[in-house]
Amino acid sequence: MPGGKQSITGAGPNWLPTPGRYLCGLTWDGEQLWHSDQEAARIYAIDRATGRVTRTYRCDDVRADLAFDGSMLCQVGGRPKQLVLVDPASGDVTGRRKILPASGRVTGVEFGPEGLWLVLREPNVVQLRDYPAMTVQREYRVPGEGPSGLTYADGIILFGEFNTAMLHAIEAGTGAHIASAEVQGHPTGLTWDGERVWYCDFGARMLRALDLADLLL
């Protein structure tokens, strides 16, 4: 039922191995998955059909989630956290966008048609910011403890909760809670490829894929 909890244990064809051990960010550029790892200080391009790593770039600033603005990868990183812009064709850092007020609270990021969506902890809020100005346009208080990772899918904001292995869904337009689903492992980075929701399972060192409809039951 809407707002209820379900246990999701899909695996097999719906998972991909990760090259590193400290899973942070995940995003989709329309053709391939991009994944970042803090311990390895790397960003990887991954073929979603095979799991093959097609590109690897060094990025010493990796700290949290990853997004794609249509031309640049946007890595949440640095101290305090900011958006580190990385050219997907070369791996070069092309710029930085401050997230004000400066802090370490940002744990998830993704673009939607409205602008840039963020999830922040303590207190837990989802924000819509315009881009590239980065000013706050909307803010919603959201449930859970220790949010981790965020994505946008057809008017729905999804964000993870690391410790309790949950994914939460809210309406982008109103912030209303739609559903919460218990998932396998501990989610960090999240993305939607237009077909399925992918999340980083930190402990298992894999990327897992779920149908959006299953999360919204």
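Only a predicted model underlies this, so the values are computations on that prediction, with no experimental measurement involved.

Turning to the confidence of the model for the protein, a few remarks are in order. Predicted coordinates in areas of low pLDDT are best not read in detail. Here the protein averages 93 in pLDDT, while 94% of its residues score no lower than 70. For the stretch residues 1-11, pLDDT sits under 50, and the model shows 28 contacts to residues farther than four places along the chain or on other chains.

Turning to the side chain of Lys 81, a few remarks are in order. By secondary structure assignment, the location of Lys 81 is in the loop between β7 (73-77) and β8 (82-86). In this structure Lys 81 is buried but unpaired, with Asp 65 as the nearest side chain of opposite charge at 10 Å. At 2.7 Å, the side chain of Lys 81 and the backbone oxygen of Val 106 are in polar contact. Lys 81 has contacts with Arg 63, Ala 64, Val 76, Ile 99, Ser 103, Gly 104, Val 106, Thr 107 and Arg 121, leaving out every residue within four places of it along the chain.

Moving on, we come to the sheet that holds strand β10 (residues 106-112). To summarise the sheet geometry, strands pair through backbone hydrogen bonds and adopt either a parallel or an antiparallel arrangement. If you trace the four strands from one edge of the open sheet to the other, you get β10-β11-β12-β13, paired in antiparallel fashion. Looking along the sheet, the strands with just one partner apiece sit at the ends: β10 and β13 (136-141). Taken over all neighbouring pairs, the strand axes of this sheet differ in orientation by 20° on average, direction set aside. In this sheet, strand β12 (residues 125-129) lies alongside strand β11 (residues 115-120) in antiparallel orientation, the contact comprising five bridges. In the sheet register, Leu 120 faces β12, and the bridge partner there is Val 125.

Secondary-structure assignment places Gly 78 in the loop between β7 and β8. The spatial distance from the C-alpha of Gly 78 to the C-alpha of Glu 139 is 23 Å, given a sequence separation of 61 residues. In this structure Gly 78 touches Asp 61 and Arg 63, once residues within four positions along its chain are discounted.

Quick notes on the rules
Residues numbered from 1 in each chain as written. Predicted model: local features only at pLDDT ≥ 70, side-chain atom pairs only at ≥ 80, totals over all residues. Heavy atoms only, no water. pLDDT = per-residue confidence, 0-100. Contact = heavy atoms within 4.5 Å. Helix = DSSP H or I, 4+ residues; strand = E, 2+ residues; numbered from the N terminus. Buried < 20%, exposed > 50% of the residue type's maximum accessible area, 1.4 Å probe, protein only. Lys, Arg positive; Asp, Glu negative; His and termini not counted. Salt bridge = Lys/Arg side-chain N within 4 Å of Asp/Glu carboxyl O. Polar contact = N/O pair within 3.5 Å; in protein donor to acceptor, adjacent residues only side chain to side chain. Pairing = 2+ DSSP bridges. Axes fitted to C-alpha atoms, helices over the stretch in contact; angles between N-to-C directions.

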